Amino acid sequence: MFDITIITQYYPLFLKGLLNTVLICAAGLALGMAWGLALYSIGNSRLAIPRALYRGYVNLFRGTPLLVQLFLLFYGGPYFGLNLSAIATGILGLTLYGAAYFAEIYRAGFQNIPAGQIEAAQDLGMSPLQTMLHVQIPQMLTLIIPSVINQTILIIKESAILSIITVPEVTTAAVKISTETFSIVEPYVVLAGAYWLIVTAVSRGGQLWERRQMRYISR
Amino acid sequence: MFDFGVILAQYPQLLKGAWQTLSLSLISILIGFVFGHLLCFGKMSERPLLRRTCALYISFFRGTPLLVQLSIIFYFLPLADINIPSVLAAVLCLSMNTAAFQAEILRGGFQALPGGQVEAARDLGFTPLQIRLHIQVPQVFRATLPALLNETIDILKNSALISTIAVTDLMRMSQTIASSTYRPVESFAVAGAIYFIMTYAIGKFGLYLERRLRIS
């Protein structure tokens, strides 16, 4: 019933797709975290207009399906002179989408630092920049670990949607193997297994990292 | 340059798609809520076999992409000689997926309840089922409401994927309109706007519900 020869025959195609998934996710996540930080700085402004722009961006990207965003980028991009390859569209899509979530994660992280610590730092003569660098940011980075890991897992799973806009990642590879061999069970079982392994590994790694970092925070 | 009139002229199709998206998502959320409860009790059970089965189920559905789950259910069912319409396959898959997520949300809620309440209820002569229904579930529902509403919004958004198995939801309708009018930008922008209105409304309704439940 489970034909192992399909796997032994097609594993290079599958592994190439898997590598692409990992690379695209890594790029999308790194860029998304950076763009999210820029967004957070805009949203943290004292002025009303940047704050409204921030809220608009976050609401828009969190309130619509990733599939719709990807279709708009992929089919709409050329209308705006944006001719990107499928892979570039995929990375850009994950970046714009993930940033909305990461910006909100940073915001929650900063909010969870007790106000008394900032006052204490100021009373000790630290400048606002020093307070930020030595008191707020290190703690914020530790506090947001669980949310960042969660979001990373979500993005890895959602990257399967990129197969719909023909990005050559692992789901696309599985679909291709399935159509070439006329078999359904093997490619999809291996595909699900691969995602499950990646997600479990990221989750376990995140827990270890969290435990290591939490030693420095007393609550 | 842009012509939204052509897209909006197709409003009966868009509304039909939006209704399909909304109704299928909400049905799946409700089924997932009931099934999620059972899974949650299963994972907290003292029987190792039941506990491990539920943990494995939850781990699988939380650890693999919804798109892969949809393909598996859609293509595997005919292999087992089960032929159901794609709408049914979509609801089945969305429910099975959200049940895993809701089970974990609910487990967090149950574990946060003070243990003394259960002991007190037992001393007052409540049966285990009565304790669950009258003491734990109402409190857990209230405590986990924000997370459950988030999950509802997630499922509504993720339901766009059921368009890939030929369910005529909002996404599918906008794809049809895009290819018949040759205006992909406008039709996907309109679809995005409709999704946004739906998720925004659920979010607002959730805030209202939270505020009401907090007062009473």
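Thresholds applied
Residues numbered from 1 in each chain as written. Chains lettered and ligands numbered in written order. Predicted model: local features only at pLDDT ≥ 70, side-chain atom pairs only at ≥ 80, totals over all residues. Heavy atoms only, no water. UniProt positions renumbered as here; feature names shortened; annotations may be inferred. Helix = DSSP H or I, 4+ residues; strand = E, 2+ residues; numbered from the N terminus. Buried < 20%, exposed > 50% of the residue type's maximum accessible area, 1.4 Å probe, protein only. Contact = heavy atoms within 4.5 Å. Areas by Shrake-Rupley, 256 points an atom, 1.4 Å probe, with all protein chains shown as cover. Lys, Arg positive; Asp, Glu negative; His and termini not counted. Charge placed at Lys NZ, Arg CZ, Asp CG, Glu CD. pLDDT = per-residue confidence, 0-100. Core = buried A, V, L, I, M, F, W, Y, C linked by side-chain atoms within 4.5 Å. Salt bridge = Lys/Arg side-chain N within 4 Å of Asp/Glu carboxyl O. Axes fitted to C-alpha atoms, helices over the stretch in contact; angles between N-to-C directions. Parallel < 35°, antiparallel > 145°, perpendicular 65-115°, else oblique. Left-handed = near helix turned anticlockwise from the far one by under 90°. Nonpolar A, V, L, I, M, F, W, Y, C, P; charged D, E, K, R; others polar. Buried area = accessible area lost by both parts, 1.4 Å probe. Polar contact = N/O pair within 3.5 Å; in protein donor to acceptor, adjacent residues only side chain to side chain.

An unreviewed UniProt entry lists chain B under the name Arginine transport system permease protein ArtQ, from Pseudodesulfovibrio hydrargyri. As recorded by UniProt, the Sequence similarities (unreviewed entry) comment attached to chain B reads in full: "Belongs to the binding-protein-dependent transport system permease family. HisMQ subfamily."

As annotated in an unreviewed UniProt entry, chain A is Inner membrane amino-acid ABC transporter permease protein YecS from Pseudodesulfovibrio hydrargyri. The UniProt entry for chain A carries the following comment under Sequence similarities (unreviewed entry): "Belongs to the binding-protein-dependent transport system permease family. HisMQ subfamily." The Function (unreviewed entry) comment attached to chain A in UniProt states, word for word, "Part of the binding-protein-dependent transport system for glutamine; probably responsible for the translocation of the substrate across the membrane."

> Before we move on, can you summarise the overall build of chain B with the specific residues and values?
On a plain count of helices and strands, chain B comes out with 9 helices and 0 strands. Counting from the amino terminus, helix and strand elements in chain B follow one another as α-α-α-α-α-α-α-α-α. Counting every position in chain B, which comprises 216 residues, the buried fraction comes to 46%. Pairs at least 24 residues apart make up 76% of the contacts formed inside chain B by residues separated by at least 6 positions. In the structure as shown, chain B presents an accessible area of about 11,000 Å², 66% of it carried by carbon and sulfur atoms. Where the 17 positive side-chain charges of chain B centre and where its 11 negative ones centre are 4 Å apart.

> Which residues make up the confidence of the model for chain B, and what values do they have?
Note: predicted coordinates in regions of low pLDDT should not be interpreted at a detailed level. All names here are of chain B. Scored by pLDDT, chain B comes out at a mean of 92, with 99% of its residues at no less than 70. Looking over chain B, one finds the lowest element-wise mean pLDDT in helix H1 (residues 4-8), namely 84, and the highest in helix H3 (residues 48-63), namely 96. Across the predicted assembly, pTM comes out at 0.90 and ipTM at 0.90.

> Quick one: what's the story with the UniProt feature "domain: ABC transmembrane type-1" (unreviewed entry) in chain A, residue by residue and with numbers?
Mapped onto this structure's residue numbering, the UniProt feature "domain: ABC transmembrane type-1" (unreviewed entry) falls at residues 18-203 of chain A. Secondary structure across residues 18-203 of chain A divides into 80% helix and 0% strand, with the first and last C-alpha atoms of the span separated by 18 Å.

> Just give me the short version of the nonpolar core, but keep the residues and values in it.
If you look at the biggest cluster of nonpolar residues, it comprises 86 residues, and the most contacted ones within it are Leu191 of chain A together with Leu170 and Met171 of chain B. By residue number, the principal contributor to this core is helix H4 (residues 86-111) of chain A, which donates 12 residues. For Leu191 of chain A, the residues in contact, after removing those within four places along its chain, are Phe14, Val170, Thr171 and Ala174 of chain A together with Val68 of chain B. Membership of the second largest hydrophobic core comes to 13 residues, among which are Cys40, Cys54, Ala99 and Val140 of chain B.

> Outline the UniProt feature "domain: ABC transmembrane type-1" (unreviewed entry) in chain B, supporting the account with residue identities and numerical values.
Within this structure's numbering, the places UniProt gives as "domain: ABC transmembrane type-1" (unreviewed entry) are residues 18-206 of chain B. Across residues 18-206 of chain B, helical content stands at 83% and strand content at 0%; the span's end C-alpha atoms are separated by 20 Å.

> Break down the pattern of salt bridges for me, citing the residues and quoting the values.
Within the structure shown, the criterion is met by 5 salt bridges over all chains. The partner of Glu104 of chain B in a salt bridge is Lys43 of chain B, with the nearest N and O atoms 3.3 Å apart. Of the two residues, Glu104 of chain B sits in helix H5 (residues 86-111) while Lys43 of chain B sits in helix H2 (residues 11-43), which places them 61 residues apart along the sequence. With relative accessibility at 18%, the residue Glu104 of chain B sits in the buried group. Each of Arg55, Glu104 and Arg107 of chain A takes part in salt bridges that share partners, so that together they form one network.

> Requested: an account of the packing of H2 of chain B against H3 of chain B, with residues and values cited.
Residue and element names in this part refer to chain B. Two elements in contact, H2 and H3, have axes separated by 7 Å at closest approach and are oriented at 130 degrees. As judged from the angle between their axes, H2 and H3 are oblique. Remark: the crossing between H2 and H3 carries left-handed chirality. Residues Phe35, Leu39, Gly42 and Lys43 of H2 pack against Leu50, Arg51, Cys54, Ala55, Tyr57 and Ile58 of H3. Looking at the contact of H2 with H3 residue by residue, the classes come out as 7 nonpolar, 1 polar and 2 charged.

> An account of the interface of chain B and chain A is needed here, citing residue identities and associated values.
If you look at the interface, chain B gives 33 residues, while chain A gives 32 residues. Around 2,800 Å² of area is buried between chain B and chain A when both sides are counted, 79% of it from carbon and sulfur atoms. In this assembly, chain B and chain A are joined by 0 salt bridges. At the junction of chain B with chain A, the criterion picks out 5 residue pairs in polar contact (both at pLDDT 80 or more). Breaking the side of chain B that touches chain A down by element, the ones donating at least two residues are H3, helix H4 (66-79), helix H7 (128-158), helix H8 (170-181) and helix H9 (184-215) of chain B. Sort the elements by how many residues they give to the side of chain B that touches chain A and H9 of chain B lands first, with 8 residues. Broken down by class, the residue content of the side of chain B that touches chain A amounts to 21 nonpolar, 10 polar and 2 charged.

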